[in-house]
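# Notes for the structure review
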Amino acid sequence: GALEDFDKALAKDPDHSDHLNERGLARHALGDYSGALIDFDRSLKLGPIHPTILANRAASHSRLGQLDEAQADLDLALSLDRNFVRGRVEKAWVLIKLRQPEKALSELATLTSPGEYELSLLEARAQAHSNLNQWQEAAANADKAVALGGRTPWLYQLRADARYEIGDAKGAIADTTMVL
């Protein structure tokens, strides 16, 4: 219903930057990444360039495999706000997708108090360490992510792989069971 509500609001005021951003988020959540990009683009053209809207647009670019565009948006967002935690975490995920886990870890190392993005930070660290075959670090970050509430199958699979590689067969089997 959110999409319809934003459509109604935008019918009354088609140049409302915040409503466009919010409708873009609704479209993104529904998997309409191209539609989300249209809304984020219009929002950025109408209002001030805001790091959050850039990060939203970067997430849609990333889902579409447009990693260079995503990285450009995140670089601009971080140039506007060097302490933008979500932007740093999103950039780390893009770097992981670009097969640059070392750069992703460097990006994440700058964060000292991730706040609400701590779970995503730990998941990204676990993935980056896994990509580097740094199994102890991958398992440790995955453990912390699970303790914070991370319950996605891929996180349990990543931790199962890490546990297997460090010789914890029982832990790997338990995590694989969680995946199933």
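Here the structure is shown first, and the text comes after it.
None of the values given here were measured: they were computed from a predicted structure.

### Points about the overall build of the protein
Looking only at helices and strands, one finds 11 helices and zero strands in the protein. Taking all 180 residues of the protein together, 45% fall into the buried category. Considering only intrachain contacts with a sequence separation of at least 6, the fraction spanning at least 24 residues in the protein is 43%. Here the protein displays about 9500 Å² of accessible surface, and carbon together with sulfur accounts for 51% of that area. Side-chain charges of the protein comprise 21 positive and 27 negative groups, with the mean position of each set lying 1 Å from the other.

### Digging into the pattern of salt bridges
Scanning the model with the defined rule gives 13 salt bridges in all. Asp175 is the salt-bridge partner of Arg159, the closest N and O atoms lying 2.7 Å from each other. Here Asp175 lies in helix 11 (residues 169-179) and Arg159 lies in helix 10 (residues 153-165), a separation of 16 residues in the sequence. Under the relative-accessibility criterion, Arg159 is labelled buried at 9%. Under the relative-accessibility criterion, Asp175 is labelled buried at 2%. The salt bridge involving Arg163 is made with Asp175; its shortest N-O contact spans 3.2 Å. On the criterion of sequence distance, the pair formed by Arg163 in helix 10 and Asp175 in helix 11 is long-range, its members being 12 residues apart. In this structure Arg163 comes out as buried when scored by relative accessible area, which is 17%. The network of salt bridges with shared partners includes Asp143, Arg159, Arg163, Asp168 and Asp175.

### Some details on the packing of aromatic side chains
Inspection of every chain in the model, using the stated rule, returns one aromatic pair. Judged by centre distance (5.9 Å) and plane angle (85 degrees), the ring pair of Trp93 and Trp154 falls under edge-to-face. Remark: Trp154 occurs in helix 10 and Trp93 occurs in helix 6 (residues 85-97); sequence separation between them is 61 residues. Given a relative accessible area of 33%, Trp154 falls into the partly exposed group.

### Some points on helix 6
If you check helix 6, its first and last C-alpha atoms are 19 Å apart, about what 13 residues at 1.5 Å a residue would give, namely 18 Å. Burial analysis of helix 6 places 11 of its 13 residues in the buried class, which makes it a mostly covered element. Tucked into the core, helix 6 has its buried residues touching helix 4 (51-63), helix 5 (67-80), helix 7 (101-109) and helix 8 (118-131). Once helix 6 finishes, Arg99 follows within two positions and takes phi at roughly 60 degrees, a positive value.

### What about the environment of Thr52?
Inspection of the secondary structure assignment puts Thr52 in helix 4. Remark: the alpha-carbon pair of Thr52 and Tyr156, spanning 104 residues in sequence, is separated by 29 Å. Apart from residues no more than four positions distant in its own chain, Thr52 is found in contact with Phe84 and Arg86.

What counts, and at which threshold
Residues numbered from 1 in each chain as written. Predicted model: local features only at pLDDT ≥ 70, side-chain atom pairs only at ≥ 80, totals over all residues. Heavy atoms only, no water. Helix = DSSP H or I, 4+ residues; strand = E, 2+ residues; numbered from the N terminus. Buried < 20%, exposed > 50% of the residue type's maximum accessible area, 1.4 Å probe, protein only. Contact = heavy atoms within 4.5 Å. Areas by Shrake-Rupley, 256 points an atom, 1.4 Å probe, with all protein chains shown as cover. Lys, Arg positive; Asp, Glu negative; His and termini not counted. Charge placed at Lys NZ, Arg CZ, Asp CG, Glu CD. Salt bridge = Lys/Arg side-chain N within 4 Å of Asp/Glu carboxyl O. Phe/Tyr/Trp six-rings, centres within 6.5 Å; stacked < 30°, edge-to-face > 60°. Expected span 1.5 Å × (residues − 1).

Remember that the coordinates give geometry; whether it matters functionally is a separate question.
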